[in-house]
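Secondary and tertiary structure notes
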Amino acid sequence: MRAAILRGLAALSMLLIHAGLAQAQDRFALIVGNDGYREITKLEKARGDSQAVANRLAGLGFKVDLVQDTDRRSFNAALAGFKAKITPGAIVYFHFSGH
C-alpha cells in the first residue's frame, strides 16, 4: 500500500510541475493516520503511511496538517481548522489512512 501511495504522490508532483502550479498557488494538505481503535482491530501501518505522505507533500511545498490517532471530536476540530486556512484558488489535498 505504501508503494501505491508514493506512486500517487509522484503523479501529483508531476501534475503540479507540468501544470505550472508548483509555485503559483498556495497548497494545503490535511493528512490523517489512525492505527489505534478502541472497538475494532488496531492497524499497524496507517500512522507510518500518513507520515510518509505528509513528508512528501511538505517537500512539495504544501502546508501540511498531520493528525494521527484522532477521535471524531478531534478530527472535526482539525477539519474545521484546516478549512479556515484554505484560500481561494488554493490546491487542497486530503489523505486518510485507517478504517
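Residues numbered from 1 in each chain as written. Predicted model: local features only at pLDDT ≥ 70, side-chain atom pairs only at ≥ 80, totals over all residues. Heavy atoms only, no water.

**Things to note about the overall build of the chain**
Looking only at helices and strands, the chain features three helices and three strands. Of the regular secondary structure in the chain, the N- to C-terminal order runs α-β-α-β-α-β. Buried positions account for 30% of the 99 residues belonging to the chain. In the chain, of all internal contacts separated by at least 6 residues, the share reaching a separation of at least 24 is 72%. (Helix = DSSP H or I, 4+ residues; strand = E, 2+ residues; numbered from the N terminus. Buried < 20%, exposed > 50% of the residue type's maximum accessible area, 1.4 Å probe, protein only. Contact = heavy atoms within 4.5 Å.)

**Side note on the confidence of the model for the chain**
On average, residues of the chain score 84 in pLDDT, and 76% of them reach the 70 mark or higher. Per-residue pLDDT, averaged within each element of the chain, yields its smallest value for helix α1 (residues 2–18) (63) and its largest for strand β2 (residues 63–68) (96). (pLDDT = per-residue confidence, 0-100.)

**As for the nonpolar core**
Core analysis: the largest hydrophobic core is formed by seven residues, namely A29, I31, V53, A54, L57, F62 and I91. Listing elements by their share of this core, those giving two or more residues are β1 (27–33) and α2 (46–59). Looking at this core, the element that brings in the most residues is α2, giving three residues. Judged by nonpolar contacts, the second largest core, of six residues, contains L30, V32, V67 and A90. (Core = buried A, V, L, I, M, F, W, Y, C linked by side-chain atoms within 4.5 Å.)

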